[in-house]
Amino acid sequence: MLTRTVLHITDPHLLAQPGQILHGWRVHDAFETVLSTALAATPEADALVLGGDLVDDASVAGYRWLNTRLTHIAIPVLAVAGNHEAPDIMQRELSCAVVHGQIELNEWRLLGLNSHVAGSAAGQLGKTQLAALSQTLAADSRPTVLFVHHPGWSIGSPWQDAIGLHDRDALAGIIAKAPNVRALACGHAHQAQSVTLANEATGTLTASTMRQFAPGANSFAEAPEHAPGYRVLKLNNDATVSSIHHRVEAARCAYVGPEAS
Ligand SMILES: [Zn+2]
């Protein structure tokens, strides 16, 4: 089995027009800096996964800008929806990505799930999607990496856990029964974290490409000491998944200050 490499980039919170500012960030510039840095630093990448909260204002123009950017990427792209998202528009406009589907990398399989709940910051996969996931995992024993926007475990930050994945315990139960799930990679939390899940599977959070939140915070707190980032997942030939989280200091240039937000 060959080693495979997957880039995880998440929470760009793009807007309708390039140059628009959200929470003090020129979000298109921040995303572009992280994306181009990750691609240049990882020429061996076999796939790119966009982890949700792709377009903050759910605009058609935002998704079209992103899709145009994806036309310049030579590797397959998988995308999942976040809470700030319009999944229907996303599905329609991101023709250059697989949305909530599957990418096969030889012996490995990447699966993207949809945790978007209309009108809610928290997420949920729901009984139907969870049942389908159980079947998919049981029907094919290939090592698999799951991608969900909302973290699939309690991350130790009460305000974040309150808007996390409502049915994370059900997902954890499925992962415990499916030793072929080797990793679960999430966004939403705007911070980096790595944990060990059932069957020694790897659980990861990846930083946003714009503002960062403070790990462990009881209530909302930004962490300006942390630069935007991305994660490289290595799908190893022994069916383990290891990963390295990278910060992109250059992306700080896209921060223009709170007065401008
Ligand atoms: Zn976000």
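Everything below is about the structure printed above this text.
The paragraphs below set out a description of the structure included in this document.

Rules used throughout
Residues numbered from 1 in each chain as written. Predicted model: local features only at pLDDT ≥ 70, side-chain atom pairs only at ≥ 80, totals over all residues. Pairing = 2+ DSSP bridges. Helix = DSSP H or I, 4+ residues; strand = E, 2+ residues; numbered from the N terminus. Contact = placed C-beta atoms within 7 Å. Axes fitted to C-alpha atoms, helices over the stretch in contact; angles between N-to-C directions. Buried ≥ 20, exposed ≤ 12 C-beta atoms within 10 Å, placed from the backbone. Arc of directions from axis to C-beta. Right-handed = clockwise from strand over helix to strand, strands pointing away.

Reading across from one edge, S6-S5-S4-S1-S13-S14 is the order of the six strands in this open sheet, with mixed pairing throughout. Edge positions in the sheet fall to strand S6 (98–99) and strand S14 (241–247), since each of these pairs with one other strand and no more. Looking at chain direction, strand S1 (residues 4–9) and strand S4 (residues 47–50) are connected through four bridges and run parallel. Paired with Leu7 across the strands is Leu48, a residue of S4. Against the sheet, helix H1 (residues 27–41) contacts S1 and strand S13 (229–235), and its axis sits at roughly 170 degrees relative to S1.

On to the sheet that holds strand S8 (residues 108–112), then. One open sheet holds the six strands; their spatial order is S7-S8-S9-S10-S12-S11, and the pairing between them is mixed. The strands lining the two open edges of the sheet, one partner per strand, are strand S7 (102–105) and strand S11 (193–196). On average, adjacent strands in this sheet sit at an angle of 15 degrees to one another, irrespective of strand direction. One ladder, built from four bridges, connects S11 with strand S12 (residues 202–205); its direction is antiparallel. Bridge pairing in S12 places Thr196 opposite Thr202.

Our next topic: unusual backbone geometry. Positioned with a positive phi, His23 is a non-glycine residue whose angle comes to about 50 degrees. Within the secondary structure layout, His23 lies in the loop between strand S2 (21–22) and strand S3 (25–26). Residue classification places His23 among the partly exposed residues on the basis of 14 C-beta atoms within 10 Å. Notably, His190 is not glycine yet its phi reads approximately 50 degrees, a positive angle. For His190, the location among the structural elements is in the loop between strand S10 (181–186) and S11.

What follows covers the environment of Ser120. Relative to the assigned elements, Ser120 resides in the loop between S8 and helix H4 (126–139). Owing to 11 C-beta atoms within 10 Å, Ser120 belongs among the exposed residues under this scheme. Sequence-wise, Ser120 and Asn83 are 37 residues apart; in three dimensions their C-alpha atoms are separated by 6.6 Å.

A few words on helix H2 (residues 60–70). Along H2, the residues that are buried comprise Gly62, Tyr63, Trp65 and Leu66. Buried residues of H2, viewed axially, fall in a sector of 155 degrees; they line one side. Contacts from the buried residues of H2 go to helix H3 (87–93).

Once that is clear, we can look at the pairing of strand S9 (residues 144–148). Counting buried residues along S9, five of its five residues qualify, which places the element largely inside the surrounding structure. Burial along S9 is two-sided: Thr144, Leu146 and Val148 facing one way and Val145 and Phe147 facing the other are all buried. Both S8 and S9 contribute to a ladder of four bridges, which runs parallel. Bridging from a neighbouring strand, Gly112 pairs with Phe147 of S9. Since S8 and S9 lie parallel, the crossover through H4 that links them has a hand, and here it is right-handed. Summarising the sheet, S9 and S10 pair through five bridges and their orientation is parallel. Along S10, the bridge assignment pairs Val148 with Cys186.

Looking now at the environment of Arg211. Relative to the helices and strands, Arg211 resides in the loop between S12 and S13. Residues Arg211 and Pro12, spaced 199 residues apart in sequence, show a C-alpha to C-alpha distance of 9.1 Å. Leaving out residues up to four positions away in the same chain, Arg211 has contacts with His23, Trp25, His190 and Glu222.

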